[in-house]
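Per-entry structural report
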Amino acid sequence: MEGKTPAVISDLVDLLLEILLRVPAKSLIIAKSVSKQWHSLISDASFRKLHSRRHRKAQASFLLHVSSQFFHFDPTRKNFVPFNLKFDGATILQTCNSLLLVECGYPYKDYYVYNPTTGESRNLMVPKDRCLRCLFLAFDPLKSPHYKVVCLRSATLEIEVYDSERHKWEDEKVYCNMHPHVQEWVYSNSDNSIYALASEDSLICFDIEKLMFQMPLLEAEAQLDVQCIMESFGHVYRISYHDETNLMVHEVTKRNQEWSIEHLFHFDITPVCPALIPDVISILGVMRGDRNENSLVFHIPGKIMAYRSHESRFEELLDVSAQRIDEDGWWQSYPFVESLAPV
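Residues numbered from 1 in each chain as written. Predicted model: local features only at pLDDT ≥ 70, side-chain atom pairs only at ≥ 80, totals over all residues. Heavy atoms only, no water.

1. Side note on the sheet that holds strand 3 (residues 79-82)
Strand order in the open sheet formed by four strands is 3-2-1-25, with antiparallel pairing between adjacent strands. Sheet topology places strand 3 and strand 25 (331-336) at the edges, where each strand pairs with a single neighbour. Taking each pair of neighbouring strands and ignoring which way they run, the sheet shows an average axis angle of 25°. Pairing between strand 2 (residues 69-74) and strand 3: four bridges, direction antiparallel. Bridging from a neighbouring strand, His 72 pairs with Val 81 of strand 3. (Pairing = 2+ DSSP bridges. Helix = DSSP H or I, 4+ residues; strand = E, 2+ residues; numbered from the N terminus. Axes fitted to C-alpha atoms, helices over the stretch in contact; angles between N-to-C directions.)

See below:
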């Protein structure tokens, strides 16, 4: 840039930054090797924070756990590739806006927050002398570049909070106002809360700011067999069977401090799986589109399918019959977006 004035040089750097901010996170990891300048710009904490905020609304993909294998599935590009979790014998407890909460080790367990896009991970250093009931991960890049992990102890019902801004567990402890047996959970950035399925398929909510479970519990209707809860762009969904052939999708809503379950759509699964055995169908996730164009993504033996509710039709997304996969195993799914979010 010999002969260029400082103002011109500054304009060129600003232009480069604006271009790089539009590039997907995974491509930026490769682009860091272009030059020292690019490496410095992309590695800068302010750039990573801004990039994560801009790409928060990227269409989610899914991390799939089948038997002992992990795969990354992008329903938009219809890519299905093996996924390296980095940790041997690890279990994904939760995904939250590009970050993974991972458990590994036996008999003494370690817990990590891991960003697969950047390869960065952080050991939460959870004390091993006390039993855990559950760990919740809360991260919303639109509000903060920092995340929190909430730890609920089994015996004492103490609640401890890890803050990534200081990379330490808070000294002050509070006690849980309830002691539910949580089966699975998702984070919703719309109200900074954890939504979880508890015993007997009841739905509960944990407020991250207040550090307490919210009442009332939403009990599952007697005629429904609740399969799972899912999250998409801050919206929380409950998926259940009305009988062995009809899948129902409800959205969890809260208006004027009142909780409700609103029916979105339902469909008969038999057109794509005539010899229906519910145990062979795995719910992978909800894809929320514009103008309430919601789709339910699921796996049946040999195929990954989607039901497009706004068109009342099925769509085959991918034929996986040629993959070396244990088709008899349950497909566990975790929503995932790529980002440069630090851990």
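2. A word on the side chain of Glu 251
Relative to the helices and strands, Glu 251 resides in strand 19 (residues 246-255). Judged by its relative accessible area of 11%, Glu 251 is buried. Within the local environment of Glu 251, its side chain forms a polar contact with the side chain of His 235, the two groups lying 2.6 Å apart. (Buried < 20%, exposed > 50% of the residue type's maximum accessible area, 1.4 Å probe, protein only. Polar contact = N/O pair within 3.5 Å; in protein donor to acceptor, adjacent residues only side chain to side chain.)

3. Focus on the packing of aromatic side chains
Evaluation of the coordinates by the stated rule reveals 17 aromatic pairs. Between the aromatic rings of Phe 136 and Phe 206, the centroid separation amounts to 5.5 Å while the plane-to-plane angle is 55°, which identifies the pairing as tilted. Of this pair, Phe 136 sits in strand 8 (residues 132-138) while Phe 206 sits in strand 15 (residues 203-207), and the two are 70 residues apart along the sequence. By the burial criterion, Phe 136 is buried, and Phe 206 matches it. Ring pairs connect the aromatic residues Phe 265, Phe 267, Phe 298, Tyr 307 and Phe 314, which therefore count as one cluster. (Phe/Tyr/Trp six-rings, centres within 6.5 Å; stacked < 30°, edge-to-face > 60°.)

4. Things to note about the nonpolar core
Considering soluble globular proteins, one finds that nonpolar side chains tend to be buried as a cluster. Counting residues in each nonpolar core, the largest one holds 38 residues, and the members touching the most others are Val 113, Leu 124, Tyr 147, Val 149 and Phe 206. Elements with a contribution of two residues or more to this core: strand 5 (99-104), strand 6 (110-115), strand 8, strand 9 (148-153), strand 10 (158-163), strand 13 (184-188), strand 14 (193-197) and strand 15. Contact partners of Phe 206, with chain neighbours within four places excluded, come to Phe 136, Val 150, Ile 159, Asn 192, Ser 193, Ile 194, Leu 211, Met 212 and Phe 213. Core analysis: the next-biggest nonpolar cluster, separate from the first, contains 19 residues, Ile 281, Ile 283, Phe 298 and Tyr 307 among them. (Core = buried A, V, L, I, M, F, W, Y, C linked by side-chain atoms within 4.5 Å. Contact = heavy atoms within 4.5 Å.)

5. Quick word on helix 4 (residues 45-54)
Residues of helix 4 that are buried include every one of Phe 47, Arg 48, His 51 and Ser 52, and no others. The buried residues of helix 4 occupy an angular sector of 130° when projected down its axis, which confines them to one face. Opposite the buried face of helix 4, by more than 90 degrees, sit the exposed residues Ala 45 and Ser 46. The residue sitting at the N-terminus of helix 4 and contributing the capping side-chain oxygen is Asp 44; that oxygen lies 3.0 Å from the backbone nitrogen of Ser 46. (Arc of directions from axis to C-beta.)

Structural measurements only, silent on function.
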